[in-house]
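# A structural walkthrough
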Amino acid sequence: MPESVIIYPKQDKLLDSSIKQKAYTFLEKLSHDDSAPGLHVEPISGAADSRARSGRVDQQYRALLFKLTTATSTAYVVHGIYNHDDAYDVAQKVVLTINPINGLPEYNQLDAPVPKQAPPVVVPTQHLASEPLIAFSAEDLTVCLGIPPSTAQQAVALTSKEAMTSFTSTLPEWQGLALLLLADGEPITQIQQELELMNRPMSHDEAAARFTDPQPASDNDLLDSFDHPSAQMGFAKLAGADELRRVITGGDFSAWRVFLHPQQRRWVQGNWKGPYRISGGAGTGKTVVVVHRARRLAVEDPDLPIVVTTFTTNLAAELARSLERLDPELTFPNELGAPGLHVKGIDALARAVLQSAGADVSSAVDEVIGVGRTDIGGRTDSDAAWRQAVLRAGEGLDEKLRRPAFLQAEYEMVILPHRITQLAEYLKVARTGRGVRLSRSGRKAVWAVVEAYRDAAREAGTLDFAEAASIAAAHLETTGERPARHVLVDEGQDFKPCHWQLVRALVAEQPDDIFIAEDAHQRIYGQKLVLSAYGIRTQGRSRGLRLNYRTTEQNLAWAVGVLTGQEVIDSEGEAETMAGYYSARTGPKPVLRSFATLTAELDHAAQLVGAWTQSGKVAPETVAVLVRDRATRDRVVSGLGERGVDVRALEAGAIKPGHPVALTMHRAKGTEFTKVLLFGLNRDSIPMGLGAYDYDAEEMNAAELRERSLLYVAASRARDELVVSWSGSASPLLPE
């Protein structure tokens, strides 16, 4: 018998964790042979829809399915997994149909009451608006978008953001997104374009009549309706056992791999005349787009060399794992320039270029640092090396500028990008974007330290990370080698000038050469810069994501509060704002706990993490304790262990199942957890290290902003529940 297509819905709590493996086994068998013994796929007596079927998951649970049969295929649309009697009760009330206005598949609840007013939501007075959030009539929402009349009537009555978020969280994905966009002031015509809801003109009465007396839909039409871009926000046609397992056993943590909203899909499928940039806050799906786009390019032409890169090794490894899970058939060559997807951190890419160049790299070394050599295998300890250089040659340097932080930034932001090898060149170069001013004598003093730094590295046969990237870029530019056809960059906000020069040198200027995902609010390593200065021109080819799919509205508001009032500049030199950034999910408010002593804070952490993991409602590895530094992380692991709670420190590699984890805020970049405890947020722990930047007020402000961004990153890792704790005085970075 031919295999069946499984159409699976995106629902936060579709399956209890105890039944997931059984559900996977049932659906895998169903996809291979729906007549297999033990499945018992049968019509349901008294069902509202003749397509409804029940299937035996085990003695207690039944799958409620809708069977679609065409001349060429059979598909089963999964409604849910229920207790035995509940499945039959639901079947008597639900019909699978097509939205009569926009053609999307949807379920009609036959006995659903139509509330006379919106559900009550308790909202603080200061958050109440005097007017409804949506400036359109219910009839407009129905006629233009296809939102059912009863839903539209409730939506246009809502006057608070909290009430709207709560209401939309109960709706199908496309309806919730449309209403959130409307509440944010977006015009209906733009929402039609974004969700591809192009409906033919009709009157209000005609639209209402279509919902009142819907026409039956054929199986062919229903099956086709699931291919609509907006339908794919809430349903996915799953092919094969691997995809079934990823979505069912991984739950929402895997859902992004198959559920894309239309705007994301356009960026995945789009083609542009040159570099393209997307931006967006944490949890808006930037990495999702990068992963799906990389896969699309690799599948379209398997012979092309494609580079996928990001700032850290851990993030690069996670990108590779995500691509492998998305499509196990993808090719991942070790050699740069070989066909397939080459996924590496940007500094590892630089090393790969240098290793490939061999002895030919000498001229590029000479161009960047002034002395041609090939003994560059070692890695410079930059902080220690700058301190030693100051001791050797820093007598003429102003006392405040004898800081590794200043010298390294000057080297990476000015000297290396301009490939300066002589004092005369340094005396003339513009220091655009550098806060502290330098006189001619000041530049001479800086240059003396730079020469000492370079001399020591030459003697040791080492390079620092920025030098390696600059030399790799120079080598590719000189030789004309272009080892990539496409380069995709994730977390681009942390790249430095040398990294962008390398990205530009990896691929020739041509259509679809570079694709960048970034969020200037998450800049925790780099400094602000403008891409066009490094040959990457994205003006006119840049868009933003605003909808957070990961973090609840309550957690998102707290995380955004950390950055309130801060000016953040993107890589096009423009101010980036959080306006219009919102979540499609709702949940409990973050809990803030203050303790007199570290011992009391550890007692609370042990009690909280223990309760989370022992509840049986979440997988232990989806619980995390996030801290500012490694010393605090190790203290937490030890302290909780002494209190009978086993928490594993996470440094590198993937998160292993079975235990909650403790990790630094930097290491948390690119992760997500169901429940998060931000531990130790006291005045002494965050902000950290600002003293290194007190040579200049602008640099100090930039350093504090990076600390705020780090806290924003940490808080936005929490999907459902966020708890913040500290002992002693609270950090001044906490939002009021």
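Criteria and thresholds
- Residues numbered from 1 in each chain as written.
- Predicted model: local features only at pLDDT ≥ 70, side-chain atom pairs only at ≥ 80, totals over all residues.
- Heavy atoms only, no water.
- Pairing = 2+ DSSP bridges.
- Helix = DSSP H or I, 4+ residues; strand = E, 2+ residues; numbered from the N terminus.
- Contact = heavy atoms within 4.5 Å.
- Axes fitted to C-alpha atoms, helices over the stretch in contact; angles between N-to-C directions.
- Buried < 20%, exposed > 50% of the residue type's maximum accessible area, 1.4 Å probe, protein only.
- Phe/Tyr/Trp six-rings, centres within 6.5 Å; stacked < 30°, edge-to-face > 60°.
- Lys NZ or Arg CZ within 6 Å of the ring centre and 35° of its normal.
- Polar contact = N/O pair within 3.5 Å; in protein donor to acceptor, adjacent residues only side chain to side chain.
- Left-handed = near helix turned anticlockwise from the far one by under 90°.
- Core = buried A, V, L, I, M, F, W, Y, C linked by side-chain atoms within 4.5 Å.
- Expected span 1.5 Å × (residues − 1).
- pLDDT = per-residue confidence, 0-100.
- Nonpolar A, V, L, I, M, F, W, Y, C, P; charged D, E, K, R; others polar.

### Points about the sheet that holds strand β5 (residues 74-83)
Pairing is mixed in the open sheet, where six strands are placed in the order β2-β3-β4-β5-β1-β8. With partners counted over all chains shown, the strands left at the sheet margins are β2 (42-43) and β8 (235-238), one partner each. Bridging between strand β1 (residues 5-9) and β5 involves three bridges; their strand directions are parallel. When the bridges of β5 are listed, Val5 appears paired with Ala75. Of the strands in this sheet, β1, β3 (52-56), β4 (61-69) and β5 are in contact with helix α1 (residues 20-32), which crosses β1 at around 145°. Set on the sheet, helix α2 (residues 84-91) makes contact with β3, β4 and β5; between it and β5 the angle comes to about 125°.

### A word on helix α3 (residues 138-145)
Of all the residues in α3, the buried ones are Ala138, Leu141, Thr142, Val143 and Leu145. Looking at the buried residues of α3, the elements they touch are α4 (149-155), α6 (173-183), α7 (188-195) and α8 (204-212). Once α3 ends, the next one or two residues include Gly146, with phi positive near 90°.

### Side note on the packing of aromatic side chains
Applying the stated criterion across every chain yields a total of 14 aromatic pairs. Between Phe495 and Trp500, the ring centres sit 5.0 Å apart and the planes meet at 45°, which makes this aromatic pair tilted. Note on accessibility: Phe495 and Trp500 belong to one class, buried. An aromatic cluster is defined as three or more aromatic residues linked by ring pairs; in this entry it consists of Phe66, Tyr107, Phe226 and Phe235. Above the face of the Phe465 ring, Arg379 is positioned so that its terminal group lies 4.1 Å from the ring centre. Directly above the ring of Tyr693 sits Arg706, whose terminal nitrogen or CZ lies 5.3 Å from the centroid.

### Notes on the side chain of Gln192
Relative to the assigned elements, Gln192 resides in helix α7. A distance of 2.9 Å separates the side chain of Gln192 from the backbone oxygen of Cys144, its partner in a polar contact. Once residues lying within four places of it in the same chain are set aside, the contact partners of Gln192 are Cys144, Leu145, Leu197 and Met198.

### Observations concerning the environment of Val568
With respect to the helices and strands, the residue Val568 is situated in strand β18 (residues 568-569). Since its relative accessible area comes to 3%, Val568 is described here as buried. Val568 sits 435 residues away from Leu133 along the chain, and the two C-alpha atoms are 28 Å apart.

### Observations concerning the packing of α6 against α7
Where α6 meets α7, the axes come as close as 10 Å, and the angle between the chain directions of the two elements is 145°. Handedness of the α6/α7 crossing: right-handed. Contact residues: α6 offers Trp174, Leu177, Ala178, Leu181 and Leu182, while α7 offers Ile188, Ile191, Glu194 and Leu195.

### Some thoughts on the nonpolar core
The biggest cluster of nonpolar side chains holds 67 residues, and the ones touching the most others in it are Tyr426, Trp500 and Val503. Here this core takes eight residues from helix α21 (residues 465-479), the largest share from any one element. Excluding anything up to four places from it in sequence, Trp500 contacts Val489, Gly492, Phe495, Ile516, Leu529, Leu531, Tyr534 and Ile536. Formed by 37 residues, the second largest nonpolar core is a distinct cluster that contains Ile524, Val568, Ala668 and Leu710.

### Brief notes about helix α24 (residues 598-614)
With 17 residues, α24 extends 24 Å between its outermost C-alpha atoms, agreeing within 8% with the 24 Å of an ideal straight helix rising 1.5 Å per residue. Every buried residue belonging to α24 is among Glu601, Leu602, His604, Ala605, Ala606, Leu608, Val609, Gly610 and Trp612, and all of these are buried. Where α24 is buried, its residues meet β21 (591-595), β22 (623-627), α25 (630-642), β25 (673-678) and β26 (718-727). Looking one or two residues past α24, Gly616 carries a phi angle of roughly 80°, positive in sign.

### Some words on the sheet that holds strand β16 (residues 542-545)
Adjacent strands of a sheet pair through backbone hydrogen bonds, lying either parallel or antiparallel. As summarised here, the arrangement of the six strands in space is β11-β10-β14-β15-β9-β16, forming an open sheet in which the pairing is parallel. In the strand order of this sheet, the two ends are held by β11 (340-345) and β16, each with one partner. The average angle at which neighbouring strand axes cross in this sheet is 15°, direction not considered. Across the face of the sheet, helix α12 (residues 262-269) comes into contact with β9 (276-280), β15 (514-518) and β16 while running at roughly 145° to β16. The strands touched by helix α22 (residues 497-506) are β14 (486-489) and β15; relative to β14, the strand with the most contacts, the crossing angle is about 155°.

### Observations regarding the confidence of the model for the chain
Of all residues in the chain, 93% attain a pLDDT of 70 or more, and the chain-wide mean is 90. The low-confidence segment residues 113-129, where pLDDT is below 50, has 17 contacts with residues more than four positions distant or belonging to other chains.

### Overview of the environment of Pro660
Tracing the backbone shows Pro660 in the loop between β23 (648-649) and β24 (661-664). Measuring from C-alpha to C-alpha, the distance between Pro660 and Ser230 comes to 36 Å, with 430 residues separating the pair along the chain. Here Pro660 is in contact with Val609, Thr613, Pro620, Glu621, Val623, Asp646, Val647 and Arg648, once residues within four sequence places are set aside.

### Considerations on the packing of α3 against α7
Close contact between α3 and α7 brings their axes to 11 Å; oriented N to C, the two are set at 35°. In terms of crossing hand, the pair formed by α3 and α7 is right-handed. Residues Asp140, Leu141, Cys144 and Leu145 of α3 form the contact with α7, whose participating residues are Ile188, Ile191 and Gln192. When its residues are assigned to classes, the contact of α3 with α7 shows five nonpolar, one polar and one charged.

### Notes on unusual backbone geometry
Most peptide bonds take the trans configuration, and most residues that are not glycine carry a negative phi. Residues Ile686 and Pro687 are joined by a peptide bond in cis, for which omega reads 10°. In this structure, Pro687 sits in the loop between β25 and α26 (697-715). Here the phi dihedral of His40 falls at roughly 50°; this positive angle occurs in a residue that is not glycine. Relative to the assigned elements, His40 resides in the loop between α1 and β2. In this structure His40 comes out as partly exposed when scored by relative accessible area, which is 36%. For Arg419, which is not a glycine, the phi torsion comes out positive at approximately 50°. Looking at the secondary structure, you find Arg419 in the loop between α18 (404-415) and α19 (423-428).

### Side note on the pairing of β4
The two faces of a sheet get side chains in turn, since along a regular strand they alternate between them. Counting buried residues along β4, seven of its nine residues qualify, which places the element largely inside the surrounding structure. In this sheet, β4 lies alongside β3 in antiparallel orientation, the contact comprising five bridges. Looking at the pairing, Arg53 lines up with Leu65 of β4. The antiparallel pairing of β3 with β4 creates a hairpin that spans four residues between the two strands. In the sheet, β4 pairs with β5 via nine bridges, with the strands oriented antiparallel. Residue pairing for β5: Ala63 is matched across the bridge by Ile81. Here β4 folds back onto β5 in antiparallel fashion, the turn holding four residues.

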